[in-house]
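What follows is each chain in one-letter form.
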Amino acid sequence: MSLFERIGRLLAGGRFSGGNGASGAGPVGSSEDETISCMEAVTFLQEYLDGELPEAMEDKVESHFDVCARCYPHLQLEESFRAAVRRAAAGRSAPPELKSRVAELVARAERE
Amino acid sequence: MSGDTRTDEAGKADFEVEALPHLDAVYRFALRLAGSPPAADDLVQETFLRAYRAWAQYTPGTNCKSWLFTICRNVFLRQQERGKRHDEIVEENVNREGPGYDPINPVWSEARGVDPEGTFFGKIVDEEVVRAIDELPEEYRTAVVLSDLEGLAYAEIAELMGVPVGTVKSRLFRGRQKLQMVLYDYAVEMGYIARRTGTEA
């Protein structure tokens, strides 16, 4: 058992499952005090990174990736992917000629 | 609100203040839809022209960027449909959603033991990343672009695409996985990552 997993067990009072489905967390929608399993964490990973989780679940998912050595690389891979996509295609401006053309079109439409 | 008040002087000024600032964003979206700068140019012009003519239908202070994106996508789709026979359109729509999304990303298994953190993504040149995005089927591409490049929320994308939030998530998550697998295969070809042989830890 890695150091991270041992810390996880301590925090969760022994119910930190490591994804074998036999955790005390039960079905999705764990109660306030329970931590989540690896399966739940990866199930919610996309929504977590998209900022679409309710705060309580967001905290649980974040904590899981903080302590789980097996799951953390999955988070890193998803972040590496998103960074590459953003770097490749985000933030470009329209060419100035296009901006003038659109302004012209709108001005002409205004006169109609 | 009647058409008259929105096309008077104040209405026209509103359009310039509220809609025109989103031109860069609409251009970026149009580029990913249409694939080339000249086609994107045409699409952007058509979008703003239609937006201006439909300005009375826009509720001031609501999400103008999303409204413009909706018009842009609708114009694009209508252009696509015009080139196709009916049976081609039906064929594409049949079973597009397919089997459910699997949260266990197949790329994780491929990269395991070799580069589980996915540093290989960072080695791929921008042109290849863009090409992979542009080769996605449109519903996947639109969901990925609107979320990952333009920062729209699921609910905004759902309204824009005219589908439930669940469908957006499905298209978005599967679109990302498809894109990741294409980029992974490219990275293997380029030697940025060794293809997993099954003997790694």
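Residues numbered from 1 in each chain as written. Chains lettered and ligands numbered in written order. Predicted model: local features only at pLDDT ≥ 70, side-chain atom pairs only at ≥ 80, totals over all residues. Heavy atoms only, no water.

### Here's the deal with the overall build of chain A
Note the threshold: Under the scheme used here, helices are H or I runs from DSSP no shorter than 4 residues and strands are E runs no shorter than 2 residues, and both carry numbers assigned from the N terminus. Accessibility here uses a 1.4 Å probe with only protein chains present; expressed as a share of the type maximum, an area under 20% marks a residue as buried, one over 50% as exposed, and anything in between as partly exposed. Two residues form a contact once any of their heavy atoms are found within 4.5 Å. Working definition of accessibility: Shrake-Rupley area with a 1.4 Å probe, residue cover restricted to the visible protein chains.
Each helix and strand in chain A was counted, giving six helices and zero strands. Traced from its N-terminal end to its C-terminal end, chain A shows the element sequence α-α-α-α-α-α. The 112 residues of chain A split such that 43% are buried. A separation of at least 24 residues holds for 46% of the contacts in chain A among residues at least 6 apart in sequence. Element-wise, carbon and sulfur atoms account for 52% of the exposed surface of chain A, whose accessible area totals about 6000 Å².

### Quick word on the nonpolar core
In plain terms, the rule: Here, the term nonpolar core denotes a set of buried Ala, Val, Leu, Ile, Met, Phe, Trp, Tyr and Cys residues that are joined through side-chain atoms within 4.5 Å.
With 88 residues, the main nonpolar core has Val 44, Phe 120 and Leu 179 of chain B as its most contacted residues. Among the elements that take part in this core, helix H11 (residues 165-190) of chain B stands out by supplying nine residues, more than any other. Once residues within four sequence positions are removed from consideration, Phe 120 of chain B is found in contact with Leu 77 of chain A together with Val 107, Ala 111, Asp 115, Tyr 184, Ala 187, Tyr 192 and Ile 193 of chain B.

### Quick look at the interface of chain B and chain A
Condition: Using a 1.4 Å probe, buried area is obtained as the accessible area two parts lose upon being combined, added over both of them. By definition here, a salt bridge exists when the distance from a side-chain nitrogen of Lys or Arg to a carboxyl oxygen of Asp or Glu is within 4 Å. Polar contact is defined as a pair of N or O atoms within 3.5 Å, subject to the rule that within protein one atom must be able to donate a hydrogen and the other to accept it, and that residues adjacent in sequence are counted only when both atoms are side-chain atoms.
Listed per partner, the contact involves 49 residues of chain B and 37 residues of chain A. Summing both sides of the interface, chain B and chain A together bury roughly 3800 Å²; the carbon and sulfur share of this comes to 64%. Sorting the residues of chain B by area buried against chain A places Gln 45, Trp 108 and Tyr 154 of chain B first, and these three jointly supply 16% of that buried surface. Joining chain B to chain A, the criterion identifies five salt bridges. Here Arg 87 of chain A and Asp 126 of chain B are joined by a salt bridge, their closest N and O atoms 3.0 Å apart. Summed over the shared surface of chain B and chain A, the number is 16 residue pairs in polar contact (both at pLDDT 80 or more).

### Overview of the confidence of the model for chain A
Residues and elements named next belong to chain A. Short version of the rule: Per-residue confidence from the predictor is reported as pLDDT, a score between 0 and 100.
For chain A, mean pLDDT is 81; residues scoring 70 or higher make up 71% of the total. The least confident element of chain A, judged by mean pLDDT, is helix H1 (residues 3-12) at 56; the most confident is helix H3 (residues 45-49) at 98. The low-confidence segment residues 13-30 (pLDDT under 50) makes 34 contacts with residues lying over four places distant or belonging to another chain.

### Some points on the packing of aromatic side chains
The geometry of an aromatic ring pair is captured by the separation of the ring centres together with the interplanar angle, meaning the angle of the planes. Residue and element names in this part refer to chain B. Defined as follows: Note on ring pairs: Phe, Tyr and Trp rings are taken, using the six-membered ring of Trp, and paired if centres are within 6.5 Å. Classes follow the plane angle, with under 30 degrees stacked, over 60 edge-to-face and the rest tilted.
For the structure on display, the rule yields 12 aromatic pairs over all chains. Seen from their ring centres, Phe 15 and Trp 55 are 5.0 Å apart, and the 85 degrees between their planes marks the pair as edge-to-face. Placement of the pair is Phe 15 in helix H2 (residues 9-18) and Trp 55 in the loop between helix H4 (37-53) and helix H5 (64-82), with a sequence separation of 40 residues. Across the pair, exposure class does not vary: Phe 15 and Trp 55 are buried alike. One aromatic cluster is present, formed by Phe 15, Tyr 52, Trp 55, Tyr 58 and Trp 67 through successive ring pairs.

### Some thoughts on the pattern of salt bridges
The tally for this structure, following the rule as stated, stands at 16 salt bridges over all chains. The residue Arg 176 of chain B makes a salt bridge to Asp 148 of chain B at a minimum N-O spacing of 2.7 Å. With Arg 176 of chain B in helix H11 and Asp 148 of chain B in helix H9 (residues 138-149), the pair connects residues that are 28 residues apart, well separated along the chain. A cluster of three or more residues bridged by salt bridges with shared partners is formed by Asp 50 and Arg 82 of chain A together with Asp 148 and Arg 176 of chain B.

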